Amino acid sequence: MDSALFRRLLRHHAAGVVVVTAPGSPPAGFTATSFTSVSLDPPLVSFGIAHTASAWPAVQAAGTVAVHVLGEHQEHVARTFATSGIDRFAAHGAWQPGPDGVPLLDGALARIVCRIAGAVTAGDHTIVLATPVHGEHVGADEPPLLYHAGGYADLRPR
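Now for a quick tour of the structure.

On to the sheet that holds strand 12 (residues 151–153), then. The strand order across the open sheet formed by 3 strands is 1-11-12, and the pairing between neighbours is antiparallel. On the outer flanks of this sheet lie strand 1 (15–16) and strand 12, each paired with one strand and no other. The sheet contact formed by strand 1 and strand 11 (residues 146–148) spans 2 bridges and is antiparallel. Looking across to strand 11, one finds that Gly-16 is bridged to Leu-146.

Below is the structure:
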């Protein structure tokens, strides 16, 4: 299958939007739609990151990461952490260091702090497997931010 057809097909799939952060000097973070639950027993999640991503070296070196589930009001956060060539944490502003120095963003619907459990090379990406060690529901009860058909969306009726 050629990449253009594959991309067109995937535009029909809606995905939740998260920001993954990793400690470092400076810290790193990126927007992802590849986050998923892998196992409930034991708890295990995964996300994918491109080898060319500016956050990849920090994620690769990290023992701990945080996954921030974004709400429908946080498109600006998703766009900030998807923008290349900027200091994403300075642009976002609202965060504090958490366990092992992992950045914790304010205002997310939920935060899940995870220990890296493994990684699998998959084409031009790495699929990171991580064990949740701490989680909290920190945002309001609101619908999640979604990514669908090449743009951000939410669950509100249209």
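For any two aromatic rings, the description comes down to two numbers: the centre-to-centre distance and the angle of the planes. Within this structure, the stated rule accounts for 4 aromatic pairs. Where Phe-30 meets Phe-47, the ring centres are 5.9 Å apart and the plane angle is 55°; that geometry is what we call tilted. You can see Phe-30 sitting in strand 3 (residues 28–32) and its partner Phe-47 sitting in strand 5 (residues 43–50), a full 17 residues away along the chain. Given the relative accessible area of 8%, Phe-30 is considered buried. Assessed through its relative accessible area of 1%, Phe-47 is described here as buried. When the ring of Tyr-147 is compared with that of Tyr-152, the centres are 5.3 Å apart and the planes differ by 75°; the resulting orientation is edge-to-face. Three or more aromatic residues joined by ring pairs form one cluster here, namely Phe-81, Phe-89 and Trp-95.

For the rest of this paragraph, the subject is the nonpolar core. Counting 20 residues, the largest nonpolar core has Val-20, Phe-30, Phe-47, Ile-49, Val-59 and Val-65 as the members making the most contacts within it. When contributions to this core are tallied by element, the ones reaching two or more residues are strand 2 (18–22), strand 3, strand 5, helix 2 (56–61), strand 6 (64–69), strand 9 (110–122) and strand 10 (125–137). Not counting chain neighbours up to four residues away, the residues in contact with Val-65 comprise Val-20, Thr-21, Ala-22, Phe-47, Val-102, Ile-112, Val-113, Cys-114 and Ile-116. Core analysis: the next-biggest nonpolar cluster, separate from the first, contains 9 residues, Val-19, Val-77, Ala-78 and Phe-89 among them.

What follows deals with a nonpolar patch on the surface. Together, Met-1, Leu-5, Phe-6, Leu-9 and Leu-10 make up a nonpolar patch on the protein surface, roughly 510 Å² of accessible area in all. Structurally, Met-1 can be placed in the segment before helix 1 (3–10). With a relative accessible area of 72%, Met-1 lands in the exposed category.

Where strand 4 (residues 36–40) lies against strand 5, 4 bridges are found, and the strand directions are antiparallel. If you follow Ser-39 over to strand 5, its bridge partner there is Leu-44. Hairpin connection of strand 4 to strand 5: 2 residues between the antiparallel strands.

Across the junction of Ser-25 and Pro-26, the peptide omega takes the value 5°, indicating a cis bond. Inspection of the secondary structure assignment puts Pro-26 in the loop between strand 2 and strand 3. A cis amide bond links Asp-41 with the next residue in sequence, Pro-42, at an omega value of 5°. Mapping Pro-42 onto the fold places it in the loop between strand 4 and strand 5. One non-glycine residue, Ala-149, lies in the positive phi region at around 55°. Accessibility expressed as a relative area gives 36% for Ala-149, which makes it partly exposed.

Moving on to the sheet that holds strand 3. In spatial order, the strands read 3-2-6-9-10-5-4; together these 7 strands make up an open sheet with antiparallel pairing. A strand with exactly one partner marks an edge of an open sheet, and here the two such strands are strand 3 and strand 4. Between one strand axis and the next, the sheet turns through 35° on average, direction left out of account. Packing of helix 3 (residues 75–82) onto the sheet brings it into contact with strand 2 and strand 3, and relative to strand 3 it is tilted by some 120°.

Scoring rules and cut-offs
- Residues numbered from 1 in each chain as written.
- Predicted model: local features only at pLDDT ≥ 70, side-chain atom pairs only at ≥ 80, totals over all residues.
- Heavy atoms only, no water.
- Pairing = 2+ DSSP bridges.
- Helix = DSSP H or I, 4+ residues; strand = E, 2+ residues; numbered from the N terminus.
- Phe/Tyr/Trp six-rings, centres within 6.5 Å; stacked < 30°, edge-to-face > 60°.
- Buried < 20%, exposed > 50% of the residue type's maximum accessible area, 1.4 Å probe, protein only.
- Core = buried A, V, L, I, M, F, W, Y, C linked by side-chain atoms within 4.5 Å.
- Contact = heavy atoms within 4.5 Å.
- Patch = residues over 30% accessible without salt bridge, like charges linked within 9 Å, V, L, I, M, F, W, Y side chains within 5 Å.
- Areas by Shrake-Rupley, 256 points an atom, 1.4 Å probe, with all protein chains shown as cover.
- Salt bridge = Lys/Arg side-chain N within 4 Å of Asp/Glu carboxyl O.
- Axes fitted to C-alpha atoms, helices over the stretch in contact; angles between N-to-C directions.

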